[in-house]
Amino acid sequence: MAKQEDQFKKVLSHAKEYGYVFQSSEIYDGLSAVYDYAQNGVELKKNIRDYWWKAMVQMHENIVGIDAAILMHPTTWKASGHVDAFNDPLIDNKDSKKRYRADVLVEDFREKINQKIEKDITKAKKRFGESFNEEEFRATNQNVIRRQKQMDEITVELTRVQEESDLEGFRQLIIDLGINCPVSGSNNWTEVKQFNLMFGTKIGASAENSTQVYLRPETAQGIFVNFLNVQKTGRMKIPFGIAQTGKAFRNEIVARQFIFRMREFEQMEMQFFVKPGTQKEWYKEWKETRLKWHLSLGMGAENYRFHDHDKLAHYADAAADIEFNFPFGFKELEGIHSRTDFDLKAHEEYSGKKLQYFDHEENKSYVPYVVETSIGLDRMFLAVFSNSLQEEALENGTTRTVLKLPAVLAPFKAAIFPLVKKDGLPEVARKIMDDLKWDFNVFYDEKDAVGKRYRRQDAAGTPFCITVDHDTLKDNSVTIRHRDTMEQKRVAIADLKQIIKDAVDVKTWLQKM
Ligand code: ATP
């Protein structure tokens, strides 16, 4: 755990030091759970968004994009259920005065038990080597059986108190499990209360004439209310999808995990409209497709897992999260939800307008079912950033800090250095830069010794460094150094574009899907 916390601290300070993420309004001591993306962060974020958009929209003939407004008619949120049911259960510790999400306290407790099981399995794997059978071990090891039973019991009770909105039962569960406040160490808990997460604001000039509106808590509803507009004007045939990226806002209770849980964040969502009765197949298909997208980035298959929901939201008939191994353990990165016809039907009812699709093959109209994929762009940023940040021991006994971002996502694709600041080398380096910048984001640096410049680019995540030296003047060749292997090669200036393109092209990466 200490090691994990250490790594997380490193992620925070590196994100600031290398111009990725700043606290919002830092000179006023910041605003809790709100962050700004800095000069490098904005590029990484844009590249992640593009990588998603290309995979989802450009590569699918039957998926189109939209960009709906953040402010929507307030009835939208009545229909979607957010006004009445978009609540989190919160609980305060009377001694530390700290506030927690009751469900997160219980889930974290359960995860700790799970980690103990995983630890036992890892140990046994080492002990038994090749002959180890995990399934058998899980079924026969007494410690694992006992812990798994405890986890299952927690799941059952957690689901019950949530489904029945049994707030007293929720508090009792926390007390019965012996969960204490991490700050005060006590179990002096208040009762559990429901708290609506939507930010409200007003439209209109005067108090009497103003209308209560909300900052959207998810981008999905902008897609639902436009479903028929897009279907008709785009002449879309079911099955088809509508994708959108954009800001969403939630007044989160627990906001202590950097950009993992923010009050203002960005989502990348796709709603896939299907024939009723086919949603199970599409749900399965999108679960697989989305996992493949993640795996294409090469961040280690062992860092992902599915978590199928025990407690389904009011609109869903199946739901799963893709969880990622963040520096603080496995947590939700993306949700895949089979949302039934709940949203479209609710909007029909509240607006009085039909939101139906005429199926020519079936010769009838129906309200389509929806399978949704929903990923937080900021969470994806954190997953990529934290996974890429590594300390490496070098052969000469020193260490280097390297940000091994997938090259397709790196803010700068190459840095160009003249070996020295004289003898015409800067002019040649500039010329290379002027040529490459049409195709790639490239960085120029002539300050300090080359070794130091390499280290700076390693830490900033730039996949290639290109050095112009005196030989370049004679034979038009340069040294290209690879960030991950530190291998250096002599190549012709004329070949640079292709070498970089092969490594950073979206096609190279997405084809791994
Ligand atoms: P959680 O259980 O972590 O609160 P959620 O289940 O409420 O998340 P969804 O409503 O399914 O999340 O939203 C879809 C995605 O949006 C999530 O998988 C996550 O990546 C992202 N997301 C949700 N809330 C936040 C937030 N406060 N900050 C950053 N990203 C978020």
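About the cut-offs
- Residues numbered from 1 in each chain as written.
- Predicted model: local features only at pLDDT ≥ 70, side-chain atom pairs only at ≥ 80, totals over all residues.
- Heavy atoms only, no water.
- Near = heavy atom within 4 Å.
- Polar contact = N/O pair within 3.5 Å; in protein donor to acceptor, adjacent residues only side chain to side chain.
- Areas by Shrake-Rupley, 256 points an atom, 1.4 Å probe, with all protein chains shown as cover.
- Helix = DSSP H or I, 4+ residues; strand = E, 2+ residues; numbered from the N terminus.
- Axes fitted to C-alpha atoms, helices over the stretch in contact; angles between N-to-C directions.
- Parallel < 35°, antiparallel > 145°, perpendicular 65-115°, else oblique.
- Left-handed = near helix turned anticlockwise from the far one by under 90°.
- Contact = heavy atoms within 4.5 Å.
- Nonpolar A, V, L, I, M, F, W, Y, C, P; charged D, E, K, R; others polar.
- Expected span 1.5 Å × (residues − 1).
- Buried < 20%, exposed > 50% of the residue type's maximum accessible area, 1.4 Å probe, protein only.
- Salt bridge = Lys/Arg side-chain N within 4 Å of Asp/Glu carboxyl O.
- Domains from an automatic or database assignment.
- Buried area = accessible area lost by both parts, 1.4 Å probe.
- Core = buried A, V, L, I, M, F, W, Y, C linked by side-chain atoms within 4.5 Å.
- Pairing = 2+ DSSP bridges.

A few points about the site of the ligand
Move 1: In the vicinity of the ligand there are 16 residues, among which Glu252, Arg261, Met262, Glu332 and Leu333 approach most closely.
Move 2: Interatomic distance of 2.7 Å between a side-chain N/O atom of Arg261 and an oxygen atom of the ligand.
Move 3: Taking 590 Å² as the accessible area of the ligand by itself, protein coverage stands at 87%.
Move 4: Where the shell around the ligand is concerned, the elements lending two or more residues are strand 10 (264–274), strand 13 (329–340) and strand 16 (369–376).
Move 5: With 5 residues, strand 13 is the single largest residue contributor to the shell around the ligand.

Digging into the packing of helix 5 (residues 102–128) against helix 7 (residues 142–163)
Move 1: Two elements in contact, helix 5 and helix 7, have axes whose closest approach is 10 Å; the angle formed by their N-to-C orientations is 165°. Here helix 5 lies roughly antiparallel to helix 7, going by the angle between them. You can see that helix 5 and helix 7 cross each other, and the crossing is left-handed. Contacts between helix 5 and helix 7 involve Asp103, Val106, Glu107, Phe109, Arg110, Ile113, Asn114, Lys116, Ile117 and Asp120 on the former and, on the latter, Asn143, Val144, Arg147, Gln148, Gln150, Met151, Ile154, Thr155, Leu158 and Gln162.
Move 2: Looking at side-chain class alone, the contact of helix 5 with helix 7 contains 8 nonpolar, 6 polar and 6 charged residues.

Details of helix 13 (residues 377–388)
Move 1: With 12 residues, helix 13 extends 16 Å between its outermost C-alpha atoms, agreeing within 8% with the 16 Å of an ideal straight helix rising 1.5 Å per residue.
Move 2: Within helix 13, 11 of the 12 residues are buried, which leaves the element mostly enclosed by the surrounding structure.
Move 3: Taken together, the buried positions of helix 13 are occupied by Leu377, Asp378, Arg379, Met380, Phe381, Leu382, Ala383, Val384, Phe385, Ser386 and Ser388.

Structural notes on the pattern of salt bridges
It is possible for side chains bearing opposite charge to pair when their charged atoms get close.
Move 1: Applying the stated criterion across every chain yields a total of 45 salt bridges.
Move 2: Glu266 is the partner of Lys45 in a salt bridge, and the nearest nitrogen-oxygen pair spans 3.3 Å. Taken together, the residues Lys45 in helix 2 (residues 39–58) and Glu266 in strand 10 connect sequence positions 221 residues apart.
Move 3: Glu266 sits in the buried class, given a relative accessible area of 7%.
Move 4: We note a salt bridge from Glu334 to Arg290, for which the minimum N-O separation is 2.7 Å.

A closer look at the domain arrangement of the protein chain
Move 1: Considered domain by domain, the protein chain is made up of domain 1 (1–72 + 210–391), domain 2 (87–196) and domain 3 (412–510).
Move 2: Of note, the centres of domain 1 and domain 3, computed from C-alpha atoms alone, are 36 Å apart.
Move 3: Each partner contributes to the interface: domain 1 provides 13 residues, whereas domain 3 provides 9 residues.
Move 4: Summed over both partners, the interface of domain 1 with domain 3 buries about 870 Å², with 61% contributed by carbon and sulfur atoms.
Move 5: On the surface where domain 1 and domain 3 come into contact, there are 0 salt bridges.
Move 6: Linking domain 1 with domain 3 are 3 residue pairs in polar contact (both at pLDDT 80 or more).
Move 7: A total of 6 residues in the side of domain 1 that touches domain 3 trace back to one element, the largest contributor, which is helix 2.

Examining the nonpolar core
Move 1: Judged by nonpolar contacts, the single largest core of 77 residues is most densely connected at Tyr20, Leu44, Ile48, Met380, Phe381, Leu436 and Ile466.
Move 2: In contact with Met380, not counting residues within four places along its chain, are Ile48, Trp293, His294, Leu297, Met299, Leu333 and Ile375.
Move 3: Listed in part, the 24 residues of the second largest apolar core include Val144, Ile154, Phe170 and Ile179.

Here we look at the pairing of strand 16
Move 1: By the criterion of burial, strand 16 is predominantly enclosed, with 8 of the 8 residues buried.
Move 2: Side chains Tyr369, Val371, Thr373 and Ile375 project from strand 16 onto one buried face, and the interleaved Val370, Glu372, Ser374 and Gly376 project onto a second face that is buried too.
Move 3: Where strand 10 meets strand 16, 8 bridges bridge the pair, whose relative direction is antiparallel. Residue pairing for strand 16: Gln271 is matched across the bridge by Glu372.
Move 4: Pairing of strand 13 with strand 16 involves 6 bridges; the strand directions are antiparallel. Note on strand 16: the bridge partner recorded for Thr340 is Val370.

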